[in-house]
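# Per-entry structural report
The primary structure of each chain is shown beneath.
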Amino acid sequence: VGAQSQVSMTQVARARLREMGCPDKPLWFTELGWPSYTAGLSFRVTPAMQARFLIRSLLLGLKEDVANLSIYTFWDEDPSSSAGRPQESHFGLFGWPRSERRAKPAFTAVQNLLAVFGNATTITDASSEYVFPGDVYALRISGDPSGRTAIAFWDGRSTAITGVLGVNFSSYRFRLRVPAGTHRA
C-alpha cells in the first residue's frame, strides 16, 4: 500500500465510522507488514524495502491518529510451511531459522524509530513548509519531554517500474537550514 493509499484508507474508515454514528471509535492497523521475499514473484520486496515501507506506514499511522499499530510478524516462519505461497513465511522482523536470531533491517529500523521518536507525542505534516513535488513527505515529530523535534522526509512518488511495486527510489535534492548545534541523522 502506498502512502497516499494508506492515508486514503484511513480517511475512508473514519468516514464509515461517522456514517455509522460512532466517529470516536479508534482505528487499529493490524498485521502491518511486507514479506521480504524476492524469488519468483512478479513483485519483489527486499529486506531494505521492507524496513522503509514499515517505518513509513508507522509514521503515517501515527500522523493519522491510528490508536494501535501492530506489526506482522516478529519471526519469519519455516519457508517449507507455506506451501504454494512462500512469501507468507517472510513477514518477520527476524529471519529464519529462529535459532540464529538474525535481525532483519526492519527490526533495526523500528529500534531506531523508537530511539529517536519513542517519547514524542505529536506528528504533523510539515510538507507544506518545503517546496516538494507531490507525494514527497515531511512529517514533524515533536512533544518529546527533552524538547527536541525531528523531521522525517521521504519520496513516495510512484512510477511504472516493473517488479518493484511501482515505487520509485529516486531522490529529490533540497536544502534544509537547521539551527547551529542541531543534530542531523
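Residues numbered from 1 in each chain as written. Predicted model: local features only at pLDDT ≥ 70, side-chain atom pairs only at ≥ 80, totals over all residues. Heavy atoms only, no water.

## Things to note about the confidence of the model for the chain
The share of residues in the chain with pLDDT of 70 or more is 75%, and the mean pLDDT across the chain is 78. Low pLDDT (under 50) marks residues 159-169, which in the prediction has 22 contacts with non-local residues, meaning those over four places away or in another chain. (pLDDT = per-residue confidence, 0-100. Contact = heavy atoms within 4.5 Å.)

## Structural notes on the nonpolar core
Residues Leu-54, Ile-55, Leu-58, Leu-59, Leu-139 and Ile-141 are the most contacted members of the largest nonpolar core, which totals 26 residues. Looking at this core, the elements that each hand over two or more residues are helix H2 (47-63), helix H3 (105-117), strand E4 (136-142) and strand E5 (150-155). No other element matches the 8 residues that H2 contributes to this core. Ignoring any residue separated from it by four or fewer positions in sequence, one finds Ile-141 in contact with Leu-59, Phe-117, Ala-120, Thr-122, Ile-123, Arg-148, Thr-149, Ala-150 and Ala-152. (Core = buried A, V, L, I, M, F, W, Y, C linked by side-chain atoms within 4.5 Å. Buried < 20%, exposed > 50% of the residue type's maximum accessible area, 1.4 Å probe, protein only. Helix = DSSP H or I, 4+ residues; strand = E, 2+ residues; numbered from the N terminus.)

## Side note on the packing of aromatic side chains
Applying the stated rule across the entire model yields 7 aromatic pairs. Through a chain of ring-to-ring contacts, the aromatic side chains of Phe-74, Trp-75, Phe-94 and Phe-107 assemble into a single cluster. (Phe/Tyr/Trp six-rings, centres within 6.5 Å; stacked < 30°, edge-to-face > 60°.)

## Details of unusual backbone geometry
Of note, the amide linkage connecting Tyr-72 to Thr-73 takes the cis form, showing an omega dihedral of 0 degrees. Relative to the helices and strands, Thr-73 is located in the loop between strand E2 (68-71) and H3. A positive phi is found at Glu-31, a non-glycine position, where the angle reads about 55 degrees. Counting through the fold element by element, Glu-31 comes out in strand E1 (residues 28-32). The phi dihedral of Asp-65 is positive, around 60 degrees, even though this residue is not glycine.

## Digging into the sheet that holds E4
Spatially, E3-E4-E5 is the arrangement adopted by the 3 strands of the open sheet, whose pairing is antiparallel. Both edges of this open sheet fall to strand E3 (122-125) and E5, since each of them pairs with a single strand only. Sheet twist, expressed as the average angle between the axes of neighbouring strands with direction ignored, equals 25 degrees. For E3 and E4, the ladder comprises 4 bridges, and the chain directions are antiparallel. Residue Thr-122 lies in a different strand from E4, and its bridge partner there is Ser-142. (Pairing = 2+ DSSP bridges. Axes fitted to C-alpha atoms, helices over the stretch in contact; angles between N-to-C directions.)

## What to know about the packing of H2 against H3
In the contact formed by H2 and H3, the axes pass within 8 Å of each other and the chain directions differ by 35 degrees. Taken as a pair, H2 and H3 cross one another with a handedness that is right-handed. Along the contact surface, H2 presents Pro-47, Ala-48, Gln-50, Ala-51, Leu-54, Ile-55, Leu-58 and Leu-59, while H3 presents Pro-105, Ala-106, Ala-109, Val-110, Leu-113 and Phe-117. (Left-handed = near helix turned anticlockwise from the far one by under 90°.)

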